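Summary of structural features
Below, each chain spelled out in residue letters.
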Amino acid sequence: MNKKKNVTTAAGAPVKHYEDSQSVGARGPLLLQDYFLHEKLAHFNRERIPERIVHAKGSGAYGTFTVTHDISKYTRAKLFSKIGKETKVFVRFSTVGGEKGSADTERDPRGFAVKFYTEDGNWDLVGNNTPVFFIKDPKKFPDFIHTQKRDPYTNCKSPTMMWDYWSLNPESLHQVLILMSDRGTPVGYRFMNGYGSHTFSLVNDKNERVYVKFHYKTMQGIKTFTDAEAAELKSKDPDFSQRDLVNAIDNGHFPKYALKIQVMTNDQAKTFKWNPFDLTKVWPHADFPLIDVGVIELNENPDNYFAHVEQSAFAPANLVDGIGFSPDKMLQGRILAYPDAHRYRIGVNYDSLPVNKCPYAVNNYHRDGTMRFDGNGGNTPNYRPNSFDTLVEDDKYKGIPYELESNVAGYFDRNENDDDHFTQPGNLFKIMTPEAKANTINNIVGAMSGISGIKKDEIINRQLCHWFRADSQLGMGIAKGLGVEIDPSFLK
Ligand code: NDP
């Protein structure tokens, strides 16, 4: 039997009356001196930390990444150094637009964030279950997210806001098509792929750089809900994905995902028909085949949701030697935005929390700040240069220079080929099975039917033009479903 322990105040003093408040006589008012009552209520009042503005509802698990194939010719990153090498990981999956209490089966992209605890520091690959995104410039992000959240007047989600924005930003079309396909309602988190989405770079031990895209292919196979099934589950089991992940791991059905990469040389990047750093585009597999790397297995449920999942903080800024950034504008924006969000949501010392902490050496001169609980560097110097400690900068971690196309700061124009928002969504629609095509069209018709108000026709017509530009069968199907008559001469 477990040894009995005293219940105590936060300061460790035993509490004799845990539930009954001290009063003046049996029926009198309460006394201020019953401090534990105040402590208990005050702590309760502060239980919530700000929820993430996006990706608020999530599920997480620990696991292992194991290298199965040698990619050392592309990268010197230590976690990939030899076949069989294992690295501990923490993965957080999420929906994007809903609040913390929203339903897991909402039509939404899914976050797929992986923290690799490597000996060279933590590497966070903070991606989604889609290879692309709605926008290609981080300056657009707050406006875009406002349209996915609640209308400032009705405080309800608004299909009119969403489609108004999407139709005015056709670069979203690729991601919107994926979202509207059945991949927009995956069966939990085990049966979907993940993507690093951005273009990153890899550097090998000869200081040679290539560009890279990361893909996680589910080894459980893809499974999706139809729109009707997902809608039904919203009320029947709003925590479907959370329950599914916890139960699977508890029952020994450890989810596995195969990590693969696509590689592009610098010369290929210069001549590739699309901007390889454009987050609304993929690199076709036929041109850039998938290369096997390893397997992630999730095999441990965190013992406390808040401590591990809610307090987990991922940042695309966290890279390790051998893996680098690219000029992908969205990636560049996220380098700044993610740590900034964590400092606001959790506090400046969020990196010291157990789930976020690098298990290997962390040495620097950052000190103090709210909730500094790790010794704060003890009595070691808090400045540099100094004559006392032995911390050094290691030349072998020096980056290699980037070759820039322009030396003009303040370059706001789009890249030349950035206006082709239609070819890749069209390619995706063409490879869908007849059933997937029909479901996608139905899902789009259902979603666009929610557009209302005085701008309804304008928004529908503008978005229909985008669908037609991607694929005329897709455009016709949606127009028919929405009851919009199309002049046949339009198709010529
Ligand atoms: P491929 O035929 O080689 O690849 C098609 C890819 O599409 C596969 O990875 C498949 O995933 C994925 N896929 C199938 N249905 C959907 C869907 N409804 N939503 C999202 N992905 C889906 O063709 P290409 O590489 O030439 O790409 C053609 C189109 O496929 C692209 O324009 C893009 O829209 C989409 N795509 C491409 C990816 C890439 O990195 N090249 C990645 C994902 C999508 P799976 O094998 O797991 O079934």
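1. Section: the packing of helix α4 (residues 173-180) against helix α12 (residues 456-470)
The N-to-C vectors of α4 and α12 enclose an angle of 90°; their axes lie 11 Å apart at closest approach. In terms of their interaxial angle, α4 and α12 are classed as roughly perpendicular. On α12, the residues touching Leu173, Val176 and Leu177 of α4 are Gln463, His466, Trp467 and Ala470. A per-class count over the contact of α4 with α12 returns five nonpolar, two polar and no charged.

2. Concerning the nonpolar core
Membership of the largest hydrophobic core comes to 37 residues, with the highest contact counts inside it found for Phe65, Phe80, Phe116, Trp123, Phe214 and Ile323. Once residues within four sequence positions are removed from consideration, Ile323 is found in contact with Thr75, Ala77, Leu79, Phe80, Trp123, Ser201, Leu202 and Phe214. By size, the runner-up hydrophobic cluster in this structure holds 36 residues, among which are Leu173, Val445, Ile459 and Leu482.

3. With respect to the site of the ligand
Not every one of the 19 residues close to the ligand is listed here, only the nearest: His174, Arg183, Asn193, Trp283 and His285. His174 places a side-chain nitrogen or oxygen 2.5 Å from an oxygen atom of the ligand. At 3.0 Å, a backbone N or O of Gln424 approaches an oxygen atom of the ligand. Relative to its free-state accessible area of 790 Å², the ligand is covered by the protein chains to the extent of 76%. Among the elements of the structure, α4, β7 (209-218) and α10 (423-431) are those that each provide at least two residues to the shell around the ligand. Along the lines of polarity and charge, the residues of the shell around the ligand split into nine nonpolar, eight polar and two charged.

4. Some words on the side chain of Asn193
Along the chain, Asn193 falls in the loop between α4 and β5 (194-195). Judged by its relative accessible area of 6%, Asn193 falls in the buried class. Polar contacts involving the side chain of Asn193 include one to the main-chain amide nitrogen of Thr218, which spans 3.0 Å. Not counting the four nearest positions on each side in its chain, Asn193 is found in contact with Phe112, Asn128, Asn129, Arg183, Tyr216, Lys217, Thr218 and Ile222.

5. Section: the pairing of strand β1 (residues 58-67)
Among the 10 residues in β1, nine count as buried, and that is most of the element. The sheet contact formed by β1 and strand β2 (residues 86-95) spans nine bridges and is antiparallel. Across the sheet, Ala61 pairs through a bridge with Val91, a residue of β2. Here β1 runs beside strand β9 (residues 291-300); their pairing, made up of six bridges, is antiparallel.

Rules behind the numbers
Residues numbered from 1 in each chain as written. Predicted model: local features only at pLDDT ≥ 70, side-chain atom pairs only at ≥ 80, totals over all residues. Heavy atoms only, no water. Axes fitted to C-alpha atoms, helices over the stretch in contact; angles between N-to-C directions. Helix = DSSP H or I, 4+ residues; strand = E, 2+ residues; numbered from the N terminus. Parallel < 35°, antiparallel > 145°, perpendicular 65-115°, else oblique. Contact = heavy atoms within 4.5 Å. Nonpolar A, V, L, I, M, F, W, Y, C, P; charged D, E, K, R; others polar. Core = buried A, V, L, I, M, F, W, Y, C linked by side-chain atoms within 4.5 Å. Buried < 20%, exposed > 50% of the residue type's maximum accessible area, 1.4 Å probe, protein only. Near = heavy atom within 4 Å. Polar contact = N/O pair within 3.5 Å; in protein donor to acceptor, adjacent residues only side chain to side chain. Areas by Shrake-Rupley, 256 points an atom, 1.4 Å probe, with all protein chains shown as cover. Pairing = 2+ DSSP bridges.

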